[in-house]
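# Summary of structural features
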Amino acid sequence: MPGRSVLVLALGLCLLLPCAGQHHREEAERIMATTPVIDGHNDLPWQLLKRFNNQLGLPEANLTRLTGTHTNIPKLRSGHVGGQFWSAYVPCETQNKDAVKRTLEQIDVVHRMCELYPETFACVVDSAGIQQAFQSNKVASLIGVEGGHSIDSSLGVLRTFYHLGVRYMTLTHSCNTPWVDNWLVDTGNEPPVHHGLSSFGKTVLEEMNRLGMIVDLAHVSVETMKVVLKLSKAPVIFSHSSAYSLCPHRRNVPDDVLNMVASTGSLVMINFYNDYVTCGDTATLADVADHMDHVKKVAGAQSVGFGGDYDGVTRLPTGLEDVSKYPALVAELLARNWTEADVKAALAENLLRVFKKVEEVKMTLQGTAARETPIAFEELEGTCRTSYGYTKNGASTARLPPAALLLALALLHSLLS
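Within any chain, residue numbers begin from 1 and follow the written order of that chain's sequence. A pLDDT threshold of at least 70 governs which residues receive local features in this predicted model, and a stricter bar of 80 or more applies before side-chain atom pairs are shown or counted, although totals over entire chains, interfaces and linings include all residues. Note that water and hydrogens are dropped before the side-chain values are worked out from all heavy atoms of the structure.

## Focus on the state of the cysteines
- By disulfide we mean two sulfur atoms from cysteines, separated by a distance within 2.5 Å. All chains considered together, the criterion is met by three disulfides.
- Disulfide partner of cysteine 92: cysteine 175, at an S-S distance of 2.1 Å. Taking the sign of the S-S torsion, about -85° here, the bridge from cysteine 92 to cysteine 175 comes out left-handed. You can see cysteine 92 sitting in the loop between strand E2 (81-88) and helix H5 (99-116) and its partner cysteine 175 sitting in the loop between strand E5 (166-170) and helix H8 (199-211), a full 83 residues away along the chain.
- The disulfide bridge from cysteine 247 ends at cysteine 279, spanning 2.0 Å between sulfur atoms. Measuring the twist about the S-S bond at about 105°, one finds the cysteine 247-cysteine 279 disulfide to be right-handed. Here cysteine 247, found in the loop between strand E7 (237-238) and helix H10 (255-264), pairs with cysteine 279, found in the loop between helix H11 (274-277) and helix H12 (285-299); they are 32 residues apart in sequence, far enough to count as distant.
- Burial classes follow relative accessibility: with a 1.4 Å probe on protein chains only, a residue under 20% of its type's maximum area counts as buried, one over 50% as exposed, and anything between as partly exposed. By relative accessible area, which is 0% here, cysteine 247 ends up buried.
- Given a relative accessible area of 39%, cysteine 279 falls into the partly exposed group. Where helices and strands are cited, they refer to DSSP runs of H or I of at least four residues and of E of at least two residues respectively, numbered from the N terminus.

Written as structure tokens, this is what we have:
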């Protein structure tokens, strides 16, 4: 039977010669042995808070045996993860409440991961540290604060986070802050307040450039993206976003912004969340590769990275179920005729280039004084704030909302007149 003969011949060839898929997988493993992936965003610290209240000493929290998560140490090893920005994330509901305290606890848990598993994790704070971790076969562990609400509109808190090892801050999560607009503005679910950045928001950006903290534009409005890309002295990243042209979700990056990414030497690290990949409940590894192809086509191979969003999402593509699966995605890129140089760039070299440029900008700004002008008191939100430094008479134990304050002033005026 002719058909059967062809099948037997094909099977024979696969036994004698590596099948294409197997060859690409072997090439992926070879490349990643020396150029492991640096992923832009992983929410394992959030899972450690939700499941164990950050008690890493609990037997069930052991990262070598951790189950029910996308991330554990064996999976990281299988996935050739050489660098990870761990997310110090706290929800928007903490804004104007305990966001700073909660964020400090998430920064602390990353440091304790490095302390408890020194054979696996190396907490680093610069590009040189990442490369040293590569050489030591450890996961270079960096901290990204996910949401500007975490600094509570304080330049002092921003600087303190930097001193504690934070090396990027996502300007918003899914809420506006008193100084920057988030992506929900583009859906119409929230009104634009600042049309990108307020005056204080621009000061935050300047201070991040001065400190050498990477600016992350995942989660911000399109107007914010454009304002920051125009104003920032250093390239920026989208730590976990995909291409809007392939999936028109407002968390993704439109093509005109991708052109700005290219012209500024910035970076889009592709998110694996199904909702941002296909705008649906299901997706495949090939769909994620489509997004990487698209960013490469529009902005260039120097603009593509990996930002899986593992342990921060509920639905992942078939073939990318956990952090062990990065080699399968690299094999798919090789099957699509990505060169080895392109693959290495996306895996690590693009992020290292951006980080080094951020560090160079910091060096050029040495001697520049820290920004000290605080946000205007009336721009702050929340009803429980003291006013030290803002008033001559010391503190007010509870700040009235603006409308109530105006009413009180009107009442006072009527009493005195």
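## Some details on the nonpolar core
- Ranked by size, the top nonpolar core spans 115 residues in total, and within it Phe121, Ile130, Met169, Leu171, Leu217 and Phe306 carry the most contacts.
- The dominant element in this core, judged by the number of residues it contributes, is helix H14 (residues 340-364), at ten residues.
- Residue contacts are counted whenever heavy atoms from the two residues lie within 4.5 Å of one another. In this view, leucine 171 contacts Gly147, Gly148, Thr177, Trp179, Val180, Leu197, Met208, Val215, Asp216, Leu217, Val220 and Val228; residues no more than four positions away in its chain are not counted. We define the nonpolar core as a collection of buried residues of types Ala, Val, Leu, Ile, Met, Phe, Trp, Tyr and Cys that are connected through side-chain atoms lying within 4.5 Å of one another.

## Points about the pairing of strand E1 (residues 37-42)
- Counting buried residues along E1, six of its six residues qualify, which places the element largely inside the surrounding structure.
- With four bridges joining them, E1 and E2 adopt parallel strand pairing. Looking at the pairing, asparagine 42 lines up with tryptophan 86 of E2. Any two strands with at least two DSSP bridges between them are considered paired.

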